[in-house]
Amino acid sequence: MSEGTMQRRAQREQPERAKRLTRVLVCAAAVPVMLVATGCSSDSGSDDGGGDKAASASASASPSPTVQAAAYRTLPEACRALSKKTLEDLAPKAKSGKEGSSDDVASRASCSWSSLDNNGVKGSQFRWLNVSLLRFESDTTRGPGDKLAQEYYDKQVHEVRATPGAKGLNAQAVTGTGDEATAVRYDLKKKEGTFKQQTVVVRVENVVVTLDYNGAGLAGDKTPDAAALLADAKKAAKEAVLSVTRANGPAAASGSPSAPASGRPSAPASKAPSASASGTS
């Protein structure tokens, strides 16, 4: 190749090299810009993640579920739930009440009285009286105390109505006592004689009162009048309810003894049956 030809070729290649060099420099200059853009994008993603965490923290800080506090916080002494006069009328020969066992007397308490009026060859009159008190606390999982008491009240009435061997069973709503009340009466025949059983179940706010009263004429004595026994049982149940309200302070006991403690009329007897009532002695 002649010198002239080589010189012309070199002159043509110089502009091409210059163009390639320019492209390299432009690309090199573009790299920091891309890195900056990438960095901004990364920061933006980090902000988004922080927002999600803040939202999650806000959600976890939402208030816990609450439930209305129960109206009654304690119970009266079960053996003092009835007046001396009532005990003399219903269990005249009972010397003292027998307190039931309980690991928390502020939530569960009971007391019973046995009376035997022995008339020798003329026979004897037997009476047995029992009062049981059960209080329910409000619970965020299970619900308010009065609702839990209402469920137990229904179970209690159901169980009394399902007493094995009960004859001539009759259930009726009781007005003017607590928020809802039911009286159940029936006969139970035993080898000693026929026992007339009366059970009054009452709910007042978050407390359920169960009063059992039965009587029998033994050794040939006459059978007591069931209507009279039921009237006595209703009176005693109303008195026990008043003792519950009084045990929880003046505000709770301000109502008339003949009126519901909550100020609401008594509801009709629930059709659902219930938890256990004390058995006949």
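Looking now at the overall build of the protein chain. Scanning the protein chain from terminus to terminus reveals 4 helices and 7 strands. Walking the protein chain from its N terminus toward its C terminus, one meets helices and strands in the order α-α-β-β-β-α-β-β-β-β-α. In the protein chain, buried positions account for 36% of the 281 residues. Looking at the protein chain alone, contacts between residues at least 24 apart form 65% of all its contacts between residues at least 6 apart. Total accessible area on the protein chain is roughly 16,200 Å²; 53% of this is exposed by carbon and sulfur atoms.

An α-helical turn contains 3.6 residues, so a residue and the one three or four places further along point in the same direction. A rise of 1.5 Å per residue sets the reference length of helix α4 (residues 226-247), with its 22 residues, at 32 Å; its end C-alpha atoms lie 32 Å apart and thus fit the reference within 8%. With its phi angle positive at about 105 degrees, G249 sits one or two positions after the end of α4.

In this section: the packing of aromatic side chains. What the rule picks out here adds up to 2 aromatic pairs. Each ring, one from F126 and one from F195, has its centre 6.0 Å from the other, and the planes form 80 degrees; the classification is edge-to-face. Linking F126 in strand β3 (residues 124-135) with F195 in strand β6 (residues 193-204), this pair joins segments that are 69 residues apart in sequence. Summarising the aromatic geometry, the rings of F136 and Y152 are spaced 5.6 Å apart at their centres and angled 45 degrees between planes, so their arrangement reads as tilted. With F136 in the loop between β3 and α3 (145-161) and Y152 in helix α3, this residue pair connects regions lying 16 residues apart in the sequence. As far as the burial class goes, F136 and Y152 line up, both buried. A cation over a ring is seen here: K190 above F195, with NZ or CZ 5.2 Å from the ring centre.

The next thing to look at is the nonpolar core. Counting 32 residues, the largest nonpolar core has L82, W113, L129, V209 and L211 as its most contacted members. If you list the elements that add at least two residues to this core, you get α2 (84-90), β2 (108-118), β3, β5 (180-190), β6, β7 (207-218) and α4. Here this core gets 8 residues from one element, more than from any other, and that element is α4. The next biggest cluster of nonpolar side chains, apart from the first, holds 9 residues, and it includes L148, A149, V157 and V208.

The next point concerns unusual backbone geometry. The phi angle at E205 is positive, at roughly 55 degrees, despite the residue not being glycine. Given a relative accessible area of 17%, E205 falls into the buried group. A positive phi is found at A219, a non-glycine position, where the angle reads about 55 degrees. You can see A219 is positioned in the loop between β7 and α4. The class for A219 is exposed, based on a relative accessible area of 58%.

Taken as a whole and assessed by the stated rule, the structure comprises 1 disulfide. Two residues, C79 and C111, share a disulfide whose sulfurs are 2.0 Å apart. A torsion of 90 degrees about the S-S bond marks the disulfide between C79 and C111 as right-handed. Of this pair, C79 sits in the loop between α1 (3-60) and α2 while C111 sits in strand β2; the two residues are 32 residues apart in sequence, bridging distant segments of the chain. For C79, a relative accessible area of 25% puts it in the partly exposed group.

Definitions and cut-offs
Just so you know, the residues in each chain are numbered from 1, in the order the chain's sequence is written. Thresholds applied to this predicted model are a pLDDT of at least 70 for local features of residues and 80 or more for the giving and counting of side-chain atom pairs; totals over whole chains, interfaces and linings are not thresholded and use all residues. Values reported for side chains reflect all heavy atoms of the structure, with hydrogen atoms and water molecules removed beforehand. Going along the chain from the N terminus, every DSSP run of H or I of four or more residues is numbered as a helix, and every run of E of two or more is numbered as a strand. In this scheme, a residue with accessible area under 20% of its type's maximum is buried, one over 50% is exposed, and one in between is partly exposed, where area comes from a 1.4 Å probe on protein chains only. A contact between two residues is defined here by any heavy atoms of the two lying within 4.5 Å. Accessible surface is estimated by sampling points in the Shrake-Rupley manner with a 1.4 Å probe; for residues, cover comes only from the protein chains shown. Any helix carries an expected span of 1.5 Å times its number of residues minus one. Here a pair means two rings of Phe, Tyr or Trp (six-membered ring of Trp) with centres within 6.5 Å. Their orientation is stacked below 30 degrees between planes, edge-to-face above 60, and tilted elsewhere. By definition, being over a ring means that NZ of Lys or CZ of Arg is both within 6 Å of the ring centre and within 35 degrees of the ring normal. Only buried residues count toward a nonpolar core. Its members are Ala, Val, Leu, Ile, Met, Phe, Trp, Tyr and Cys residues joined through side-chain atoms within 4.5 Å. In plain terms, two cysteine sulfur atoms within 2.5 Å form what is called a disulfide here.

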